[in-house]
Amino acid sequence: MASLSLRHIYKKYPGGVTAVSDFNLEVKDKEFLVLVGPSGCGKTTTLRMIAGLEEISEGELFIGDQLVNDVAPKDRKIAMVFQNYALYPHMSVFENMAFGLKLNKTPKEEIKRRVEEAARILDITHLLDRKPKALSGGQKQRVALGRAIVRNPKVFLLDEPLSNLDAKLRAAMRTELTKLHNRVGTTFVYVTHDQVEAMTMATRIVVMKDGLIQQVDTPQNLYDSPCNIFVAGFIGTPQMNFVNGTLVKKGEDVYFNFEEHSIKIPAEKANNPALKDYIGQEVVAGIRPECINDQEAAVAANPDSTIETYVDVTELMGAEIYLYLMTGETKLTARVSSRSTSRAGDTIKVAVDVSRMHIFDKDTERCIVH
């Protein structure tokens, strides 16, 4: 098994296009690391540089203790699973999984043992004689994973492997991949644009934007303590609400004023030294949808953080309801209980859980206090 070390990695294309800039990352042995970000942020390019399919323009890449910048992909002891599965249509499942081992002149008995073991792990033993055209999307994905497992790689690289599956199968395969990682005990580096996949599977997440790392942390820390507006908005469903307003001091208390509303900032945030320079300044408040409550008891208990809003649209999601609210020019999304009686067209009061509110610098977009 192996760790990965990416040191000051750049990928530059002709014409002055830089796809990845100063990428520094230490991936621990047996870690499940997920690279996440919008399309074009450089996550797949980074994965392909690790695989050796893209040349590194600058920087050093180590797999274990070995510098591999000039090592051929086949000699890096990595296995890559692609978005489109890349199965050979004229070969059976067994032959597809055995293909790489045959190229390496692995003995026939060893090939048979490894393929059957991988098929058992992935529950595809009954499919070994079939051709890819007779398989469903989920079965093809398992075969592609099996082809990687049989090679006993030091590092698994997975490039959006679930994006071609339907929602139900994608959720099931997320669980299967987590179990597979625990079973084979290998380092996984996984690329996706789907933050739900990242949050549910990763031991750590790398959030990328425009070729730059924004933040590297555990899923929970990314959710609770995003370093800037981009990370805060990218992680979480529905997206965090961002509200422009001004911090105002009244006596010993600090308030966040926006539109006609004034929300009292809790003492532990208001007393944070980082906030002192922003009194009287415009800032951006970040409020998660689940931190907006339309229950009468919550509104009555929090008079200092209650605002009046107009319900524009409601979406029933089964176990919960999304309320799309308006107050003046400000739009808010609330995630409330399915027992909520709020309906489109209502004017309602909602309470904001200010203890979980984030405050961001309007110019730099960096988080001031969590």
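Going by the structure above, here's the rest.
Treat the numbers as computed from the prediction; the structure is a model and nothing was measured. (Residues numbered from 1 in each chain as written. Predicted model: local features only at pLDDT ≥ 70, side-chain atom pairs only at ≥ 80, totals over all residues. Heavy atoms only, no water.)

Draft legend 1. Fine view of the pattern of salt bridges. Scanning all chains against the criterion turns up 14 salt bridges. Taking the shortest distance from any N to any O, the salt bridge between R48 and E54 comes out at 3.7 Å. Here R114 and E110 are joined by a salt bridge, their closest N and O atoms 3.0 Å apart. Placement of the pair is R114 and E110 together in helix α3 (residues 108–122), with a separation of four residues, close to one helical turn. (Salt bridge = Lys/Arg side-chain N within 4 Å of Asp/Glu carboxyl O. Helix = DSSP H or I, 4+ residues; strand = E, 2+ residues; numbered from the N terminus.)

Draft legend 2. The arrangement of the environment of A51 in detail. Assignment of secondary structure puts A51 in helix α1 (residues 43–51). Judged by its relative accessible area of 2%, A51 falls in the buried class. When the C-alpha positions of A51 and R76 are compared, they lie 7.5 Å apart, and in sequence the two are 25 residues distant. Aside from chain neighbours lying at most four places away, what touches A51 is P73, R76, I78, M80 and L157. (Buried < 20%, exposed > 50% of the residue type's maximum accessible area, 1.4 Å probe, protein only. Contact = heavy atoms within 4.5 Å.)

Draft legend 3. View of the state of the cysteines. By the definition in use, this model includes zero disulfides. With no disulfide partner, C227 has as its closest neighbouring cysteine sulfur the one in C367, 8.4 Å distant. Judged by its relative accessible area of 16%, C227 is buried. The class of C367 is buried, set by a relative accessible area of 19%. (Disulfide = S-S within 2.5 Å.)

Draft legend 4. Quick peek at the packing of helix α2 (residues 93–103) against helix α4 (residues 137–149). Across the interface, α2 lies against α4 with an axial gap of 8 Å and an inter-helix angle of 30°. In terms of crossing hand, the pair formed by α2 and α4 is right-handed. Contact residues: α2 offers V93, N96 and M97, while α4 offers V143, G146 and R147. Considering only residue class, the contact of α2 with α4 consists of three nonpolar, two polar and one charged. (Axes fitted to C-alpha atoms, helices over the stretch in contact; angles between N-to-C directions. Left-handed = near helix turned anticlockwise from the far one by under 90°. Nonpolar A, V, L, I, M, F, W, Y, C, P; charged D, E, K, R; others polar.)

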